[in-house]
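Single-letter residue listing:
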Amino acid sequence: MPLEVVVLAAGQGKRMRSALPKVLQPLGGRPLLAHVLETARALGARRPIVVHGHGAEAVRAAFGDTDVQWVLQPQQLGTGHAVQQALPHLAADAQVLILYADVPLARVATLTRLLEAAGDGVALLTTELDDPRGYGRIVRTGAGRVQRIVEEKDASNDERAIREVNAGLMALGGRRLAGWLAKLGNRNAQNEYYLTDVVAFAVKEGVPVTAVKVEDPLEVAGVNSKRELAMLERALQRREAERLLDAGVSLADPARIDVRGTLECASDVAIDVNCVFEGRVRLGDGVRIGPNCVLRNVTVGAGSEVHAFSHLEDSDIGERCRVGPYARLRPGASLADEVHIGNFVEVKASRLGHASKANHLSYIGDAELGARVNVGAGTITCNYDGAAKNRTVIEDDCFIGSDTTLVAPVRIARGSYIGAGSTINKDTPEGQLTVARARQVSIPGWKPPKKKA
Ligand code: UD1
Ligand code: CA
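Residues numbered from 1 in each chain as written. Chains lettered and ligands numbered in written order. Predicted model: local features only at pLDDT ≥ 70, side-chain atom pairs only at ≥ 80, totals over all residues. Heavy atoms only, no water.

K.L.:
Requested: an account of the packing of helix α3 (residues 79–86) against helix α6 (residues 174–183), with residues and values cited.
P.N.:
The interhelical angle for the contact between α3 and α6, taken along N-to-C directions, is 135°, at an axis separation of 10 Å. Between α3 and α6, the crossing angle belongs to the class labelled oblique. Like other packed secondary-structure pairs, α3 and α6 cross with a definite hand, here left-handed. Across from Gly 80, Val 83 and Gln 84 in α3, the residues of α6 making contact are Leu 177, Leu 181 and Ala 182. For the contact of α3 with α6, the per-class residue count stands at four nonpolar, two polar and no charged. (Axes fitted to C-alpha atoms, helices over the stretch in contact; angles between N-to-C directions. Helix = DSSP H or I, 4+ residues; strand = E, 2+ residues; numbered from the N terminus. Parallel < 35°, antiparallel > 145°, perpendicular 65-115°, else oblique. Left-handed = near helix turned anticlockwise from the far one by under 90°. Contact = heavy atoms within 4.5 Å. Nonpolar A, V, L, I, M, F, W, Y, C, P; charged D, E, K, R; others polar.)

This is the structure:
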């Protein structure tokens with residue numbers, strides 16, 4: 001049986017109290033819908049069908065280059081109505097898996113079990129909650145067979161006491177789906193067409209209905225409010241921290257790390273507290289990250305250390321480098337091996353060659369530094385002339401004195417020394433000392449001014 005995955009993502013999520021459509025709210029740095037689409041892909045779905053409606057344009061724009069079948073549900077008349085909109089796109093002989101964009105943490109292994117349990121019949125994902133409020137309840141017969149699902153707003157007091165809840169995720173044989181959806185009514189407390197009503201139809205027709213119960217309540221947790229979103233965020237981060245610990249990464253505190261993307265660590269990596277990793281970050285053997293650092297799309301080579309409060313983005317760091325504390329690497333910073341970048345040094349779109357150092361208070365932008373260059377404190381590349389960006393080239397073995405201003409475009413030839421406090425706007429010759437500043441004079445007989453009486 002081919003597999004079709006339908007993702008319900010049309011709801012507004014009023015309780016989020018946000019202008020951003022619910023399915024675009026970020027969890028672990030990615031929209032809720034992205035998590036569910038990734039799950040669909042991992043299950044081998046042909047091309048997920050996404051039923052969207054609220055904030056349709058924003059939702060489509062956020063997933064512009066993702067291969068999905070968009071289906072519009074202009075009015076949100078209920079989960080059953082939402083699946084109806086997807087019907088024309090479903091192969092008749094397929095097995096259909098319904099996912100909710102606001103239930104993002106169901107595991108692939110669990111959903112595989114759900115699909116196996118369903119076969120040509122129906123299977124539901126359920127769990128027991130101490131506090132089942134807000135969820136549909138699973139009503140079973142005395143003999144324990146699933147009978148139907150009742151929504152909280154339609155439930156009697158006895159039914160509300162049921163602690164087994166519906167995750168909303170459902171697998172069913174596609175052959176019967178169209179018939180059941182056509183029979184749905186909306187005479188209920190919310191005047192909605194409930195997908196959950198198909199369970200009672202199946203039972204009535206003698207089609208087997210299986211409940212696949214999961215232990216981990218996170219797998220079925222729905223996001224309806226910022227509180228729930230924050231709760232899931234912490235849970236997701238906890239999972240990620242445990243994965244890192246299991247892989248041998250040392251975390252100073254597994255409760256104080258945030259991975260909003262993918263973090264790959266080689267062996268003996270140590271990460272101090274309060275670090276944020278975004279996008280794709282790769283840390284080589286023995287890398288140490290100090291406290292309170294942010295790394296976004298960064299590669300750090302083996303043996304390098306990033307000290308406290310550094311902010312690194314779209315950059316490459318070689319092996320045995322020392323970066324920070326308080327360093328800023330902006331997009332396009334590329335450090336060869338054994339480079340040192342110290343406090344309050346900003347590097348943008350620049351390459352620093354082997355063992356070059358900029359240890360204090362500098363801006364290096366649109367520059368190319370060779371090997372063993374020493375950049376003195378306070379040195380600035382003036383890369384912008386008000387209209388265009390210009391490049392600075394500093395060849396191997398140069399020594400740039402403190403507080404040098406390099407007015408680009410300019411080339412500092414191999415082995416140049418630049419006297420401290422120079423403003424350099426012409427290329428310098430190889431191996432010479434260049435000084436460009438007013439000569440120091442002292443005035444003999446000078447007297448300080450006196451205040452008039
Ligand atoms: C639903 C289930 C409930 C289950 C709970 C789990 C029904 C009737 N109820 O309730 O049994 O315990 O999820 O989280 O199915 N959606 C649409 N179009 C619509 C309505 C909803 O696409 O017209 C989407 C929403 O965007 C959301 C999902 O379907 O992703 C669930 O809708 P929601 O309104 O949150 O359903 P619940 O009331 O939580
Ligand atoms: Ca919900």
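K.L.:
Report on the coordination of the calcium ion (ligand 2), specifying residues and quantitative values.
P.N.:
All of the protein donors around the calcium ion (ligand 2) are Asp 102 (OD) and Asn 224 (OD1); their distances to the metal are 2.7 Å. Within this pair, whereas Asp 102 is found in the loop between β6 (95–100) and α4 (108–118), its partner Asn 224 is found in the loop between β11 (209–213) and α8 (226–246), the two being separated by 122 residues in sequence. (Donors = N, O, S within 2.8 Å, 3.2 Å for Na, K, Ca; no water.)

K.L.:
A description of the pairing of strand β7 (residues 122–128) should follow, citing residues and the corresponding values.
P.N.:
Burial analysis of β7 places six of its seven residues in the buried class, which makes it a mostly covered element. Taken together, the six bridges between β7 and strand β10 (residues 164–173) define a ladder with antiparallel strand orientation. Each residue of the ladder has a partner; that of Glu 128, found in β10, is Glu 164. The pairing of β7 with β11 spans five bridges and is classified as parallel. Note on β11: the bridge partner recorded for Leu 125 is Val 212. (Buried < 20%, exposed > 50% of the residue type's maximum accessible area, 1.4 Å probe, protein only. Pairing = 2+ DSSP bridges.)

K.L.:
An account of a nonpolar patch on the surface is needed here, citing residue identities and associated values.
P.N.:
The grouping of Phe 309, Tyr 326, Phe 344 and Leu 361 at the surface amounts to a nonpolar patch, some 420 Å² of accessible area in total. Examined against the element boundaries, Phe 309 turns out to sit in the loop between β18 (305–306) and β19 (311–317). (Patch = residues over 30% accessible without salt bridge, like charges linked within 9 Å, V, L, I, M, F, W, Y side chains within 5 Å. Areas by Shrake-Rupley, 256 points an atom, 1.4 Å probe, with all protein chains shown as cover. Salt bridge = Lys/Arg side-chain N within 4 Å of Asp/Glu carboxyl O.)

K.L.:
Summarise the site of ligand 1; cite the residues concerned and give the values.
P.N.:
The full set close to ligand 1 counts 22 residues, and Gly 11, Gln 73, Thr 79, Glu 151 and Asn 166 are the nearest of them. Between an oxygen atom of ligand 1 and a side-chain N or O atom of Tyr 100, the distance comes to 3.0 Å. Contact between ligand 1 and Gly 136: an oxygen atom at 2.8 Å from a main-chain N or O atom of the residue. Here ligand 1 loses 90% of its free accessible area of 750 Å² to cover by the protein chains. Here ligand 1 occupies the largest pocket. (Near = heavy atom within 4 Å. Polar contact = N/O pair within 3.5 Å; in protein donor to acceptor, adjacent residues only side chain to side chain. 1 Å grid on protein atoms, 1.4 Å probe; cavity = no way out; pocket = protein on both sides within 12 Å on 5 of 7 lines; lining within 4 Å. Sits in = over half its atoms within 2 Å of the grid points.)

K.L.:
Can you tell me about the layout of surface pockets, naming the residues and giving the values?
P.N.:
The method is simple in principle: a probe with the dimensions of a water molecule rolls over the atoms, and the space it marks as empty is what remains. The space that makes up the largest pocket amounts to roughly 1600 Å³. In terms of lining, the largest pocket is formed by 45 residues, of which the most central are Arg 15, Lys 22, Asp 102, Gly 134 and Asn 224. Elements with a minimum of two residues in the lining of the largest pocket: β1 (3–9), α3, β10 and α8. With three residues, β10 is the largest single contributor of residues to the lining of the largest pocket. Across the lining of the largest pocket, the residue classes break down as 18 nonpolar, 16 polar and 11 charged. (Points joined across faces, edges and corners; volume = space filled by probe spheres on them.)

K.L.:
Talk me through the state of the cysteines; I want residue IDs and the actual numbers.
P.N.:
A complete count under the given rule lists zero disulfides for this structure. Cys 382 carries a free sulfur, and the closest cysteine sulfur to it, the one in Cys 398, is 17 Å from it. Looking at Cys 382, the relative accessible area reads 25%, which means it is partly exposed. (Disulfide = S-S within 2.5 Å.)

K.L.:
Can you lay out the pairing of strand β4 (residues 49–52) for me, pointing to particular residues and giving the numbers?
P.N.:
The two faces of β4 match: Ile 49 and Val 51 on one face and Val 50 and His 52 on the other face are all buried. Two elements, β1 and β4, share four bridges in a ladder whose sense is parallel. Looking at β4, one finds that Val 7 is bridged to Val 50.

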